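Listed here are the chains, written in short residue letters.
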Amino acid sequence: MLSIGIDVSKGKSTVCGMKPGGEIVYTSFEIQHTREGMSELVSLLRGSGEEVRVVLESTSSYHCPVVAALLENGVFVSVVNSLRIKRFCSQSIRKVKTDRIDAMQIALYGLAYWQELQPTRLPEDTYREL
């Protein structure tokens, strides 16, 4: 059981991987929204030997190429409404906001709601270009 939180930005994303109990497997790192960057991420996830669920916020259209690349490689992806993530994060005493912390909080959300995560399916006309 490995929750991958991705904080998506334009052209790059910050990724963090956690196991139950808050054990950080992958400390926050950046990936570029390129074929090479997505290929490296997919290889990392496949090599984990765990059941992996990727969680990210809906971010206009910035998340679409990332989601498409992961889905095309058979990775479970759940795109969550930004308001749900914000409400989850507001429960924390810590109010610092950085991409690294956001990715960690999204991974924690994935662990907390593991059973309720809905897989994402992209419509055929979705923007997919990296």
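Our subject is the structure that appears above.
Remember, predicted model here, so these are calculated numbers, not experimental data. (Residues numbered from 1 in each chain as written. Predicted model: local features only at pLDDT ≥ 70, side-chain atom pairs only at ≥ 80, totals over all residues. Heavy atoms only, no water.)

On to the environment of Y62. Turning to its location among the elements, Y62 is positioned in the loop between β4 (52–57) and α2 (64–72). Relative accessible area serves as the criterion here: at 38%, Y62 is assigned to the partly exposed category. C-alpha separation for the pair Y62 and V8, spaced 54 residues apart in sequence, amounts to 6.8 Å. Contact partners of Y62, with chain neighbours within four places excluded, come to V8, S9, K10 and H33. (Helix = DSSP H or I, 4+ residues; strand = E, 2+ residues; numbered from the N terminus. Buried < 20%, exposed > 50% of the residue type's maximum accessible area, 1.4 Å probe, protein only. Contact = heavy atoms within 4.5 Å.)

Let us look at helix α3 (residues 82–89). At 3.6 residues per turn, the α-helix brings residues three or four places apart onto the same side. Three or more residues of α3 are buried, namely I85, F88 and C89. Taken down its axis, α3 places every buried residue within 95° of arc, on the same side. Exposed positions of α3 whose direction lies more than 90 degrees from the buried face are K86 and R87. (Arc of directions from axis to C-beta.)

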